[in-house]
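Overview (structure and organization)
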Amino acid sequence: MKLAKKCLTVLFLGCIAFSVTACGNKKADSEMEETTEIAAETVMSETTASTTATVAAIETTAEISSETVPETSTTEETTTSATTVTTATTSVTSNTTTTVTTTMTTTTTMTTATTTVPVASAAETAPPPETATTVVQKFEPGIWWATGSDDDRYFCFYDGSNEGSFKDQQTGLKVLFHYDVENENTFIFHIGDAQSGERVSVFFVDANTAQVTWQDGISETLKYQGLGNFDTFRFYSNLELCEMALEYYEINYGYRPDDAAAAIQNDGKITIQLYDNMNDHNATSAWYTVDRFTAQGQDVMGNPVSLKN
């Protein structure tokens, strides 16, 4: 009987122990599942937050950066550590690995500015600039006929030098000179033995014509007559023509008037008057108009005359 009670007691204790063990196992299983779910939710939450932060960082980087790589791949890999719950009879291991890959493709239009940089080359030697020189025209050697309001005269510019001489139409006297060129329009003439020069304005109309204004204001037009000198270029001065006219009249009419006067006409001819001085008036014997170079012409009636013997 005691043995039966003892067995029942043992059996009853065994059932209680079994029940406790079963309850312990179920409670352990329940706690394991709950722990696993919490761990998984924690991993997912941390992964989602990390992914969101990564995307935001990528977007911010794409906006700030001036140079964006055409295609960027960012991979955020989150691995949860193994969570192990162990009881006396059961071991459960949960390994959860979540990998999130975010790929962003940014298309950027690149504008390339091309700047041409000169390539250094060997220095080139530029030709020296031409020196600006003023060509000063001079009087050609030979005879220049000068006509003006005062009188006519002839200049002879000697060949190969800045020297010459001139003769007046009125007297025919020869006067020497030399000159210097100050600039293209100013010549300094030294007349005779004068040490001081006379500044003369010279303007060449062309190669054969020059306008000359002397220091006293008298202007002349010089025209080139050709190469030569006073030995080869012959003209008759007014004094010569007057003397020739008196001789001509005496030869042809047997009478020699007291005096003669000559004047230059606009056409360059020389008009000669032969007359006697009657104190209160002049008694004219003849009028001749002749060429200064040939001494030939006509009288007042149009009859030809030649004063040259």
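Preceding block: the structure.
Summary of the structure given here. Quick caveat, the model's predicted, so the values are computed rather than measured.

Evaluation of the coordinates by the stated rule reveals 26 aromatic pairs. Ring centres 5.2 Å apart and planes at 55° place the aromatic pair phenylalanine 139 and phenylalanine 204 in the tilted group. With phenylalanine 139 in the loop between β4 (97-105) and β5 (142-148) and phenylalanine 204 in strand β10 (residues 198-206), the pair connects residues that are 65 residues apart, well separated along the chain. In this pair, the class of phenylalanine 139 matches that of phenylalanine 204, namely buried. Geometrically, the ring pair formed by tryptophan 145 and tyrosine 154 is stacked, given 5.7 Å between the ring centres and 25° between the ring planes. Residue classification places tryptophan 145 among the buried residues on the basis of a relative accessible area of 18%. Connected via pairs of aromatic rings, a cluster forms that spans Phe139, Trp144, Phe155, Phe157, Phe166, Phe177, Tyr179, Phe187, Phe189, Phe204, Trp214 and Tyr224.

Here we take up empty space enclosed by the protein. One way to see where empty space is left: roll a probe the size of a water molecule over the atoms. For the structure on display, the rule yields 1 cavity of 30 Å³ or more. Estimates place the volume of the largest cavity at around 30 Å³. Contributing to the lining of the largest cavity are Phe139, Phe155, Phe157, Phe189, Val212, Trp214, Glu220 and Leu222. Elements supplying a minimum of two residues to the lining of the largest cavity: β6 (152-157) and β12 (219-226). Looking at side-chain class alone, the lining of the largest cavity contains 7 nonpolar, no polar and 1 charged residues.

We now examine the pattern of salt bridges. For the structure shown, the criterion picks out 6 salt bridges. One salt bridge in this structure joins aspartate 152 and arginine 292, with 3.0 Å as the shortest N-O distance. Pair noted here: aspartate 152 is in strand β6 and arginine 292 is in the loop between β15 (282-290) and β16 (296-299), with a separation of 140 residues, a long-range link. Exposure class is identical for aspartate 152 and arginine 292. Each is buried. In this structure, the salt-bridge partner of arginine 199 is glutamate 182, at a minimum N-O distance of 2.9 Å.

With that settled, consider the pairing of strand β7 (residues 163-168). Pairing between β6 and β7: 5 bridges, direction antiparallel. Bridging across to β7, cysteine 156 finds its partner in serine 165. Counting the residues between successive antiparallel strands, the hairpin from β6 to β7 contains 5 residues, one of them, glycine 160, with a positive phi of roughly 80°. Looking at chain direction, β7 and strand β8 (residues 174-183) are connected through 5 bridges and run antiparallel. The residue of β8 that forms the bridge with glutamate 163 is histidine 178. Linking β7 back to β8 in an antiparallel pair, the connection comprises 5 residues, with glycine 172 at a positive phi of about 80°.

Turning our eyes to something else, we now look at the layout of surface pockets. Of the pockets and cavities examined, the largest pocket occupies roughly 220 Å³. Lining the largest pocket, in full, are Asp150, Asp151, Asp152, Arg153, Phe166, Asp168, Ile191, Glu198, Trp214, Asp216, Ile218 and Glu220. Contributing elements (two or more residues each) for the lining of the largest pocket: β6 and β7. Class assignment for the residues of the lining of the largest pocket results in 4 nonpolar, no polar and 8 charged.

Further remarks concern the sheet that holds β16. The sheet built from 5 strands is open, its strands ordered β13-β14-β15-β16-β17 with antiparallel pairing. With partners counted over all chains shown, the strands left at the sheet margins are β13 (259-264) and β17 (304-306), one partner each. Pairs of neighbouring strands in the sheet enclose a mean axial angle of 30°, with direction left out of account. Bridge count between β15 and β16: 3 bridges; the pairing is antiparallel.

Here β8 runs beside strand β9 (residues 186-191); their pairing, made up of 6 bridges, is antiparallel. Bridge assignment links asparagine 183 to a residue of β9, and that residue is threonine 186. Linking β8 to β9, which pair antiparallel, is a turn of 2 residues.

Analysis parameters
Residues numbered from 1 in each chain as written. Predicted model: local features only at pLDDT ≥ 70, side-chain atom pairs only at ≥ 80, totals over all residues. Heavy atoms only, no water. Phe/Tyr/Trp six-rings, centres within 6.5 Å; stacked < 30°, edge-to-face > 60°. Helix = DSSP H or I, 4+ residues; strand = E, 2+ residues; numbered from the N terminus. Buried < 20%, exposed > 50% of the residue type's maximum accessible area, 1.4 Å probe, protein only. 1 Å grid on protein atoms, 1.4 Å probe; cavity = no way out; pocket = protein on both sides within 12 Å on 5 of 7 lines; lining within 4 Å. Points joined across faces, edges and corners; volume = space filled by probe spheres on them. Nonpolar A, V, L, I, M, F, W, Y, C, P; charged D, E, K, R; others polar. Salt bridge = Lys/Arg side-chain N within 4 Å of Asp/Glu carboxyl O. Pairing = 2+ DSSP bridges. Axes fitted to C-alpha atoms, helices over the stretch in contact; angles between N-to-C directions.

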